[in-house]
Every structure is written in structure tokens, then in C-alpha cells.
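Given next are the chains, with one letter for each unit.
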Amino acid sequence: MPKQPVIITCAITGHRTNRAIAPVPLTPEDQAQSAQEAVISGASIIHLHVRGNNGEESLAPERYYEAMQQQSQPNFSSLI
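So, here is what we can say about the structure in this document.

### Side note on helix α1 (residues 28–40)
Because each turn of an α-helix spans 3.6 residues, side chains separated by three or four positions end up pointing in the same direction.
Part 1 of the argument: If you check α1, its first and last C-alpha atoms are 18 Å apart, about what 13 residues at 1.5 Å a residue would give, namely 18 Å.
Part 2 of the argument: Every buried residue of α1 is accounted for by Pro28, Gln31, Ala32, Ala35, Ala38 and Val39. When α1 is viewed along its axis, its buried side chains cluster within an angular range of 125° and face the same direction.
Part 3 of the argument: Once α1 ends, the next one or two residues include Gly42, with phi positive near 120°.

Dropping the structure here:
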């Protein structure tokens, strides 16, 4: 059977997940580190829910900007 290409998506934070449930990355720096680890492990798409300073899920555009800037470093080859 011929090998078929696959696309691996990794949700590094989960929806409404907090550290009481799982050790999710909260800061943009932590999220970038987790995303890079996922890419190294084979993920090509990163699904991300950013967090505010209180650890709660945030919809603030500036938090997404911070997270995207952290993950836009050289050699970071994934879709976010």
C-alpha cells in the first residue's frame, strides 16, 4: 500500500483548558515553545487559544499578535 501524505494539527492549549486540568502553556513565550516542540514532532498546523494575564482564554487582538510574533521566528515552519 503506498504511503499517503498526512497533515498533523496540534492544539497546544485546548478550549477553556486551564492549568488545574492540564499543564497548558499560558504566555506567548510558553505557547511558542510548545508550538515549536509540536512542529519538531511533526505537526504542520498549530491550533491556538491565547490566554490573558489571568490565565483565562482571551479574544484580545493584542494577545494574538503577541503569540503570532513569538511564533514567527526564523525556522518556524507551520500554519497557525
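### Topic: the packing of α1 against helix α2 (residues 61–70)
Part 1 of the argument: One way to put it is that α1 packs onto α2 with a least axis distance of 8 Å and a crossing angle of 45°. The angle between α1 and α2 falls in the class oblique. Between α1 and α2 lies a crossing whose hand is right-handed. Residue-level inspection shows Pro28, Glu29, Gln31 and Ala32 of α1 in contact with α2, the latter providing Arg63, Glu66, Ala67 and Gln70.
Part 2 of the argument: Considered class by class, the residues forming the contact of α1 with α2 number three nonpolar, two polar and three charged.

Here is what the cut-offs are and how they apply
- Every chain begins its residue count from 1, and numbering advances along the sequence as written.
- Per-residue local features are limited, in this predicted model, to residues with pLDDT of at least 70; the limit for side-chain atom pairs, both in listing and counting, is 80 or more; totals at the level of whole chains, interfaces and linings are taken over all residues.
- With hydrogens and water stripped out, all remaining heavy atoms of the structure feed into the side-chain values.
- Starting at the N terminus, helices and strands are each numbered in turn, a helix being any DSSP run of H or I of at least four residues and a strand any DSSP run of E of at least two.
- Helix span, expected: 1.5 Å multiplied by one less than the number of residues in the helix.
- Exposed residues in this analysis have more than 50% of their type's maximum accessible area, buried residues have under 20%, and partly exposed residues fall in between, with area computed by a 1.4 Å probe over protein chains only.
- Relevant arc is that of directions from the helix axis to the C-beta atoms, nothing else.
- Only the contacting stretch of a helix is used when fitting its axis, a line to C-alpha atoms as for every element, and angles between N-to-C directions run 0 to 180 degrees.
- Roughly parallel covers angles under 35 degrees, roughly antiparallel covers those over 145, roughly perpendicular covers 65 to 115, and oblique covers all other angles.
- Crossing handedness: left-handed means the near helix sits turned counterclockwise from the far one by under a right angle, and right-handed means the same turn made clockwise.
- In what follows, a contact means two residues having at least one pair of non-hydrogen atoms within 4.5 Å.
- Think of it as three bins: nonpolar holds Ala, Val, Leu, Ile, Met, Phe, Trp, Tyr, Cys and Pro, charged holds Asp, Glu, Lys and Arg, and polar takes everything else, Gly as well.

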